[in-house]
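A look at the structure
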Amino acid sequence: MKNHLSFKNLTICRDDTGAAIVKDISFDVAPGKVVALIGESGSGKTTVSLTALGYVRSGLRVTGGTVTFGDTDILALSGHALRDFRGRRIAYVAQSAAAAFNPGLTIGFQVAETASIHALGTAAERQAHVFKLYEELQLPAAATIGDRYPHEVSGGQLQRLMAAMAMSAGPECIVFDEPTTALDVTTQVDVLKTFKDLIQGHGIGAVYVSHDLAVVAQIADEIVVLQAGEIVEHGTVEQVINKPQHHYTKLLIAASDPEIASKTAKLPKRPATVLISDSSKHAEMMPTEGDPVLRIRDLCVGYGATNRQGEPSVKVLKDINLDIKARSIHAVIGESGSGKSTLARAICGLTRFYQGQVLLDGASLSPDLKSRTRAELGRVQMVMQMADVALNPAHTIDKILRRPIQYITGETGSAVDDRIADLLHKVKLPADVARRLPRELSGGQKQRINLARALAGQPRVVLCDEVTSALDTVVRNAIIDLIWSLREDLGLTFVMISHDISTVAALCDEVAVMHRGHVVEQGGTESTLRAPRHAYTRKLMRSVPHLRVGWLEQAIDHRHTDTQLVLEG
Amino acid sequence: MKGQALFATLILKRAGAGIFTLWFVSILVFAASAILPGDVAEAVLGQSATPETIAALREKLGLTRPLWEQYGDWLFGFVSGDLGQSLASGADVTQLIMDRLSNTLLLGGLTAAIAVPFALLIGLVAATFPGSAGDRAVTIGSLVLVSVPEYLMATILVMIFAIKLGWFPAVSYTTEFTSFGHLFSVMVLPILALSASITAQMARMTRATVLNILGSTFIEMALLKGVSRWRIIFTHALPNAIGPIANVVALNLAYLLSGVVIVETIFAYPGLAKLLVDAVASRDFPVVQSCALIFCASYTVLMLVADVLAILANPRLRRGGH
Amino acid sequence: MQTSISSEPAIVAVPAKAARLGAAGYVGVAILVFWLLIAIAGRLVAPYDPTEFVSDEGFLAPSLQFLLGTDYLGRDLFSRLLVGTQLTLVMALIATMIASSVGTFLGVFAAVAGGWVDMALSRVNDAFLSFPTTILGLVIIAALGSHIPVLVITTGLIYSTSVFRVSRALAMDQAQLDYVVVAKARGEGRWWIIAHEVLPNIFAPLLVDFGMRLTFAILFLSALSFLGLGVQPPLADWGTLVRENMTGLTSGVFTPIFPAMAIASFAIGLNLIVDDLATRSGQHIVGKLI
């Protein structure tokens, strides 16, 4: 029994304002096919996908159209019929497995529950089926993993276990809601591969919601691009990534892979385009050589009880050595927990280092924030990831900028007013923004203010901690351009902490790769990323999805040979 | 197992904190007699005292010795069951308290036995059908009841059931219960007055706790698996609610200790709280200190039990987190 | 968290943000404003002197002449209630202000200072919190006597422990936020951060907390008076009015109900507001259960 999942003219509105969140959505998911829903946050992709389970989050209402599965009108189901449908015919895999697993119940209970509430087979049969799924999903210790609680397994395993939970009642179709977004890039590859094998092996259909085109290109047959609740493009994966029709799709493609970006030449000129396509221009952009502005020597950071030598019990950073050249944009990349944010905090004094030196223009900075002078504090500035929480909601932009100017430079009166106007001009915001509160600004504008505040201290070095990762593609590109021009115009030096390889490739001159508290590799961005020397960097680079069909299989093959090399070596 | 060791240390830590708390409380209770303007001897003898009688009483009570020595004696006496003599009546405090303690335990125990299951049940049902007529009735009714002081509740109950209807006595003073019927008729009004507000409060908080858990992502996930309403409530929400609910219950039982003070006074019920209030009025310090310490000890024990239950109900605490 | 003689909720969730009120909330506001107006103007509109014996008979039933009847000594209960409102609310207000200022000051300080300062302050506070408030109050009153300043300061200090916990938790949330981290990285001092970055953002929830604490203070002080350990005659607050007229109950008169209702209505009013604020933040999946 093979059924089509079809959305016809689906429109969903807000209950309170009546504004449409999703307008006139129509597409089909054929049996055994994977259709990807692509779009930015707020584009309505999750809202659309959940209607396949007859679910609309509260505050929203379906005002038109139908969603059908074979003969079943999903939106008309209720009560027992709806319960019977969910999980058994169409199942759901949520974005964050950590939040979607009940912390108070064992994993095995939750995985098998879907089958047991739908009364499928005997308990023994269900158990056997679950074990088979564990094996298929390459989960370790299949016999005992079910006895554990969600907090006792890793994020990647939990995400696979959720796929097992979705599969346990043998559905014909699965809705995946950004299932790999919360994972580290090296984990993502494996999880993606097991999902793909699972879908193909069982011949089930899937709606795959994602914001990442490169991920989707690996697993989907068709792509539906959503922008502001409307479908702007729909086609096979090859059609969409090779011959995008809509301007928005082109933007997404340009943003998701620098290699592709160089081929779509009609895009607005961004550093990414320049860096990759024009190596002579690239040479020009290299910073003026000379003494590094910031030198880090044998830096060690840790926490916990200290021993007699003053070394803490848990070491987060071990013997970090880095030279940051003047007027350069220097990336520090690595996965979560690699210590890259700690490095930034240690440089600006928020976290004490117990050993080593941080030298700014040759002068050593104290490990202790309180022992640094105001001038020293001003010369190293930090920009935080989330502009939303980095700006005090109770203060106007004027106040947010005024205080650091007064505090660090000691200026008063109209000189400060002039500086505020100048800062806003530098980050390309109109002067009247000063009167507003942070909540009246867009995400991109807030991030510009965030940068402007760092400039208020007249810094030599600006540390940016994942400043682009919370932003949508288009806004992110604008911020990248801004950082680029600030470096060009003001001669500033930037340290970009990031896990986003494509941003780094597009923007940075040099890169340091961190892994478990060590800098494992550093050098020019292009050479390091194209020809990584360290095994971890190679693994990392191979894990960054490319916008190319068939990349995933290649990456897995490479990974096997890597492992073999390691084993043989 | 590493997890079990962690669990044991966690419990031991809580118990240690409980003992520390009791010790701290004993110092505070004892210190109260030290902050008394003048001292206990002056307070007891009042206006009519002559310097000689005060000095004599001081000598008799051992007030001339250093404070820490007095504290040591007092604490040792308390632990070994010798609570000293009442300043007001000269009676043995241990005997006074033993006579009253069982009455208060009876009142508190019966109230808890009735109020806790009832409150949990209505709280849970209200949370299962939020916004329904029954839920609204529970929300509004409990809101009014928690705002009504015990003495108003007691007053209304006495007015209706003792005076208008004459079903139960308005005063529960009794030395001995002759029969079950007698026990029932004497206890029913105090129990009702005492349980109204804590039942309402526990129901409200159970409802809020369960509703809060029902807002979690994992509940949405269960819903999308096709799990029914009742199964979501009992299988998915309740295991996570046990810890918070145990805390709610413990807090309300501790609060019951305080409500007892009012209710025993109104109904002239011969319990420990009535003893405490009378002792405060007559500044009978040995009695005040002993009663206060007993109330604090029961409070601490209740909190400890709730903590242990919360640890047991939470796999992350029970088995150790990563 | 705490207990008291009176019917005070044991745990109250302070809403993170003061949202807009609904109908129930406005009813609560109306009740509170009503009593505040009486506290201000009660003495002026009282038909009789509250200490004057207006009738030879005690416990007269309500009539046009004596709106709420007379009390056990033949004084006008309506006038006594109006004047007693002022005493009740002023005492409770001062106590709450003590609780809020002491609790907020120490709580925010502990959160921003962190380290051993926070440890020490929190431990001491926990120890005080593990003392049932009633018992603590009774012990202090046993030592110092039922004088009005003693009652007010005791109430204030008892409730400052709960305010400490609430304000510390609120400030801790703030201290994690990036704008506080940025200010720290800039080298700003502790007090500047407290005054400029933290306080403006926790003001609204602290205000809600102040309201709840006020109700607890009223209930607590009334309960003490009811036990005869609070305000002493001839002065009378709501609790005293209930106590002194309790004798009428056995002879079947309603008199003590009126002051008791005053206390309950104030508490209901406040609970309506708090409930309304709390329910506005949450509850979404529940409506979808099938």
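Residues numbered from 1 in each chain as written. Chains lettered and ligands numbered in written order. Predicted model: local features only at pLDDT ≥ 70, side-chain atom pairs only at ≥ 80, totals over all residues. Heavy atoms only, no water.

Take the overall build of chain B next. Assigned secondary structure in chain B consists of 13 helices and zero strands. Long-range pairs, those at least 24 residues apart, make up 71% of the contacts in chain B with a sequence separation of at least 6. For chain B, the exposed area adds up to about 13,900 Å²; of that, 68% sits on carbon and sulfur atoms. One way to put it: in chain B the 19 positive side-chain charges average out to a point 22 Å from where the 17 negative ones average out. (Helix = DSSP H or I, 4+ residues; strand = E, 2+ residues; numbered from the N terminus. Contact = heavy atoms within 4.5 Å. Areas by Shrake-Rupley, 256 points an atom, 1.4 Å probe, with all protein chains shown as cover. Lys, Arg positive; Asp, Glu negative; His and termini not counted. Charge placed at Lys NZ, Arg CZ, Asp CG, Glu CD.)

What follows is about the pairing of strand E9 (residues 222–227) of chain A. Along a regular strand, successive side chains alternate from one face of the sheet to the other. All names here are of chain A. When strand E3 (residues 34–38) meets E9, the two strands line up parallel, connected through four bridges. Each residue of the ladder has a partner; that of Ile 38, found in E9, is Val 225. In the sheet, E9 pairs with strand E10 (residues 230–236) via six bridges, with the strands oriented antiparallel. Among the inter-strand pairings, Leu 226 is bridged to a residue of E10, identified as Ile 231. Here E9 folds back onto E10, and the loop between the two strands holds two residues, one of which, Ala 228, carries a positive phi near 50°. (Pairing = 2+ DSSP bridges.)

As a further point, take the UniProt feature "transmembrane region" (unreviewed entry) in chain C. Residues and elements named next belong to chain C. Under the feature "transmembrane region" (unreviewed entry), the UniProt entry names residues 21–46, 87–115, 135–159, 214–233 and 253–274. For residues 87–115, the helix share is 97%, the strand share is 0%, and the end-to-end C-alpha distance is 42 Å. Spanning residues 253–274, this segment combines 82% helix with 0% strand, and its end C-alpha atoms are found 34 Å apart. (UniProt positions renumbered as here; feature names shortened; annotations may be inferred.)

On inspection of all chains with the given rule, the structure shows 24 aromatic pairs over all chains. Aromatic side chains Phe 161 of chain B and Phe 168 of chain B sit 6.3 Å apart centroid to centroid with 50° between the ring planes, which places their arrangement in the tilted category. Take Phe 161 of chain B: its relative accessible area is 21%, and that puts it in the partly exposed class. When the centroid spacing of 5.2 Å and the interplanar angle of 15° are considered together, the rings of Phe 109 of chain C and Trp 191 of chain C count as stacked. Here Trp 191 of chain C lies in helix H7 (residues 190–226) and Phe 109 of chain C lies in helix H2 (residues 77–113), a separation of 82 residues in the sequence. Here Phe 109 of chain C falls in the buried class, since its relative accessible area comes to 19%. The rings of Phe 30, Tyr 71, Trp 74 and Phe 78 of chain B are connected pair by pair, giving a single aromatic cluster. Sitting over the ring of Trp 484 of chain A, Arg 487 of chain A keeps its end group 4.9 Å from the ring centre. (Phe/Tyr/Trp six-rings, centres within 6.5 Å; stacked < 30°, edge-to-face > 60°. Buried < 20%, exposed > 50% of the residue type's maximum accessible area, 1.4 Å probe, protein only. Lys NZ or Arg CZ within 6 Å of the ring centre and 35° of its normal.)

This part takes up the nonpolar core. Counting 239 residues, the largest nonpolar core has Leu 5, Ile 90, Tyr 134 and Ile 223 of chain A as its most contacted members. Top element by residues in this core is helix H10 (residues 229–266) of chain B. It accounts for 19 residues. Apart from the residues within four sequence positions on either side, Leu 5 of chain A is in contact with Phe 27, Asp 28, Val 29, Ala 52, Val 67, Thr 68, Phe 69, Ile 74, Ile 90, Cys 173 and Val 207 of chain A. With 50 residues, the next largest nonpolar core counts Leu 391, Ile 397, Val 416 and Ala 434 of chain A among its residues. (Core = buried A, V, L, I, M, F, W, Y, C linked by side-chain atoms within 4.5 Å.)

As a further point, take the packing of helix H5 (residues 123–136) of chain A against helix H7 (residues 155–167) of chain A. All names here are of chain A. Viewed as axis vectors pointing N to C, H5 and H7 meet at an angle of 140°, and their least axial separation amounts to 10 Å. Overall, the two elements H5 and H7 adopt an arrangement that is oblique. With respect to the hand of their crossing, H5 and H7 are arranged in right-handed fashion. Every residue of H7 that contacts H5 at His 129, Leu 133 and Tyr 134 is listed here: Leu 161, Ala 164 and Met 167. Grouping the amino acids of the contact of H5 with H7 by side-chain chemistry returns five nonpolar, one polar and no charged. (Axes fitted to C-alpha atoms, helices over the stretch in contact; angles between N-to-C directions. Parallel < 35°, antiparallel > 145°, perpendicular 65-115°, else oblique. Left-handed = near helix turned anticlockwise from the far one by under 90°. Nonpolar A, V, L, I, M, F, W, Y, C, P; charged D, E, K, R; others polar.)

In this section: the pattern of salt bridges. Inspection of the entire model under this criterion finds 35 salt bridges over all chains. Residues Arg 207 of chain B and Asp 135 of chain B are paired through a salt bridge, measuring 2.6 Å at the closest nitrogen-oxygen approach. One end of the pair, Arg 207 of chain B, is in helix H8 (residues 180–214); the other, Asp 135 of chain B, is in helix H6 (residues 133–147), with 72 residues separating them in the sequence. For Arg 207 of chain B, a relative accessible area of 12% corresponds to the buried category. Take Asp 135 of chain B: its relative accessible area is 3%, and that puts it in the buried class. Taken together, the salt bridges that share partners define one network made up of Lys 193, Lys 196, Asp 197 and Glu 553 of chain A. (Salt bridge = Lys/Arg side-chain N within 4 Å of Asp/Glu carboxyl O.)

Here the focus is the interface of chain B and chain A. Taken together, the contacts link 22 residues of chain B with 31 residues of chain A. Both sides of the chain B and chain A interface together cover about 2,300 Å² of buried area, and 58% of this is carbon and sulfur. It is Met 221, Leu 224 and Lys 225 of chain B that lose the most area in chain B upon contact with chain A, and together they represent 30% of the buried surface on that side. Our enumeration of links across chain B and chain A arrives at eleven residue pairs in polar contact (both at pLDDT 80 or more). The element that contributes the greatest number of residues to the side of chain B that touches chain A is helix H9 (residues 217–224) of chain B, accounting for six residues. Looking at side-chain class alone, the side of chain B that touches chain A contains seven nonpolar, nine polar and six charged residues. (Buried area = accessible area lost by both parts, 1.4 Å probe. Polar contact = N/O pair within 3.5 Å; in protein donor to acceptor, adjacent residues only side chain to side chain.)

This brings us to the interface of chain C and chain B. Tallying the contact residues gives 56 residues for chain C and 63 residues for chain B. For the pair chain C and chain B, the summed buried area comes to about 5,100 Å², and 76% of that belongs to carbon and sulfur atoms. For the interface between chain C and chain B, the tally reads zero salt bridges. Secondary structure elements with two or more residues in the side of chain C that touches chain B: helix H3 (115–129), helix H4 (133–144), H7, helix H9 (247–250) and helix H10 (257–279) of chain C. Among the elements that make up the side of chain C that touches chain B, the one with the highest residue count is H10 of chain C (ten residues). Partitioning the side of chain C that touches chain B into residue classes produces 39 nonpolar, 14 polar and three charged.

Further remarks concern the sheet that holds strand E4 (residues 60–69) of chain A. Residue and element names in this part refer to chain A. Judged by pairing direction, the sheet is antiparallel, and its four strands sit side by side in the order E2-E1-E4-E5 without closing on themselves. Single-partner strands in this sheet number two, and they are strand E2 (20–29) and strand E5 (72–73). With six bridges connecting them, strand E1 (residues 5–14) and E2 associate as antiparallel partners. Bridge pairing links Phe 7 to Phe 27 in E2.

Moving on to the UniProt feature "transmembrane region" (unreviewed entry) in chain B. All names here are of chain B. Here the UniProt feature "transmembrane region" (unreviewed entry) sits at residues 15–36, 105–131, 151–171, 183–203, 248–272 and 292–313. Across residues 151–171, the secondary structure splits into 67% helix and 0% strand, with the terminal C-alpha atoms separated by 14 Å. Across residues 292–313, helical content stands at 100% and strand content at 0%; the span's end C-alpha atoms are separated by 32 Å.

Another aspect to go through is the sheet that holds strand E12 (residues 312–325) of chain A. Residue and element names in this part refer to chain A. Strand order in the open sheet formed by four strands is E12-E11-E14-E15, and the pairing between neighbours is antiparallel. Strand pairing shows two members of the sheet lacking a second neighbour, E12 and strand E15 (363–365), which therefore form its edges. If you compare each strand with its neighbour and ignore which way they point, the axes differ by 30° on average. Against the sheet, helix H15 (residues 340–347) engages strand E11 (292–306), E12, strand E14 (355–360) and E15, with an angle of about 105° to E11.

A separate point is the environment of Ala 95 of chain C. All names here are of chain C. With respect to the secondary-structure elements, Ala 95 resides in helix H2. Its relative accessible area of 1% is what places Ala 95 among the buried residues. Counting along the chain gives 61 residues from Ala 95 to Gly 156, while the straight-line C-alpha distance between them is 4.2 Å.

If you check which residues of helix H24 (residues 535–543) of chain A are buried, you get Tyr 536, Thr 537, Leu 540, Met 541 and Ser 543 of chain A. The buried side chains of H24 of chain A occupy one side of the element, clustering within an arc of 160° when seen end-on. (Arc of directions from axis to C-beta.)

All names here are of chain A. Of all six residues that make up strand E18 (residues 493–498), six are buried, and the element is covered over most of its length. By the alternation rule, side chains of E18 split into Thr 493, Val 495 and Ile 497 and Phe 494, Met 496 and Ser 498, which are all buried. In the sheet, strand E13 (residues 329–333) pairs with E18 via five bridges, with the strands oriented parallel. Bridge pairing in E18 links Ile 329 to Phe 494. In this fold, strand E17 (residues 461–465) hands off to helix H21 (residues 473–490), which returns the chain to E18; that crossover is right-handed. (Right-handed = clockwise from strand over helix to strand, strands pointing away.)

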